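# Inside the fold
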Amino acid sequence: HGDAFDQVLVAYQKERMSRTARVQRNARIWGDIWHTDDRIAVLLRNAYFKKRSPDDYEVTDWLYQTRYN
């Protein structure tokens, strides 16, 4: 955007808002998964994590991927 600081800030805010909203939604979902008291949910959660490879980051790839080259 060059010296168009207003445009830069608007573009940054637009991207930041949607990204931070997604981070927050995911944090709430994962918090519910980790801290559930529901026996069925605990069984499902534990089964999922037992089958999952410790180096599988598929669910967070969107957060840590490089988007700017």
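Residues numbered from 1 in each chain as written. Predicted model: local features only at pLDDT ≥ 70, side-chain atom pairs only at ≥ 80, totals over all residues. Heavy atoms only, no water.

## Some thoughts on the overall build of the protein
What the protein contains, in helices and strands, is three helices and zero strands. The C-alpha radius of gyration of the protein comes to 18 Å, more than 25% above the 11 Å expected for a compact globule of 69 residues. Seen through its C-alpha atoms, the protein measures out along the principal axes to roughly 55 × 25 × 10 Å. A distance of 5 Å separates the average location of the 12 positive side-chain charges in the protein from that of its 10 negative side-chain charges. (Helix = DSSP H or I, 4+ residues; strand = E, 2+ residues; numbered from the N terminus. Rg over C-alpha atoms; globule rule 2.2 N^0.38 Å. Lys, Arg positive; Asp, Glu negative; His and termini not counted. Charge placed at Lys NZ, Arg CZ, Asp CG, Glu CD.)

## Side note on the pattern of salt bridges
Evaluation of the coordinates by the stated rule reveals one salt bridge. Of the charged contacts, one joins Asp56 and Arg52 as a salt bridge, the two residues approaching to 4.0 Å between their closest N and O atoms. For Arg52, a relative accessible area of 23% puts it in the partly exposed group. (Salt bridge = Lys/Arg side-chain N within 4 Å of Asp/Glu carboxyl O. Buried < 20%, exposed > 50% of the residue type's maximum accessible area, 1.4 Å probe, protein only.)

## Some details on the packing of aromatic side chains
Taken as a whole and assessed by the stated rule, the structure comprises three aromatic pairs. Taken together, a centroid distance of 5.9 Å and an interplanar angle of 55° make the contact between Trp30 and Phe49 tilted. With Trp30 in helix H1 (residues 5-34) and Phe49 in helix H2 (residues 39-51), this residue pair connects regions lying 19 residues apart in the sequence. Look at Phe49 and you get partly exposed, because its relative accessible area is 24%. Here the aromatic rings of Trp34 and Phe49 are separated by 5.0 Å at their centres, their planes lie at 20°, and the arrangement is stacked. Highlighted residues: Trp34 in helix H1 and Phe49 in helix H2, separated in sequence by 15 residues. Every member of this aromatic cluster is reached through a ring pair, and the members are Trp30, Trp34, Tyr48 and Phe49. Its guanidinium or amino end placed over the ring of Trp62, Arg22 lies 3.9 Å from that ring's centre, counting from NZ or CZ. (Phe/Tyr/Trp six-rings, centres within 6.5 Å; stacked < 30°, edge-to-face > 60°. Lys NZ or Arg CZ within 6 Å of the ring centre and 35° of its normal.)

## Regarding H2
Compared with the 18 Å implied by 1.5 Å per residue over 13 residues, the 19 Å span of H2 between its first and last C-alpha is a close match. Where H2 begins, the side chain of Asp38 points an oxygen toward the backbone nitrogen of Ile40, at a separation of 3.0 Å. (Expected span 1.5 Å × (residues − 1). Polar contact = N/O pair within 3.5 Å; in protein donor to acceptor, adjacent residues only side chain to side chain.)

## Some points on the packing of H1 against H2
In helix packing, the relevant descriptors are the interaxial angle and the interaxial distance, both defined with respect to the helix axes. Contact geometry for H1 and H2: axes closest at 9 Å, N-to-C directions at 105°. The angle between H1 and H2 falls in the class roughly perpendicular. The residues of H2 that touch H1, namely those facing Trp30, Ile33 and Trp34, are Arg45, Tyr48 and Phe49. (Axes fitted to C-alpha atoms, helices over the stretch in contact; angles between N-to-C directions. Parallel < 35°, antiparallel > 145°, perpendicular 65-115°, else oblique. Contact = heavy atoms within 4.5 Å.)

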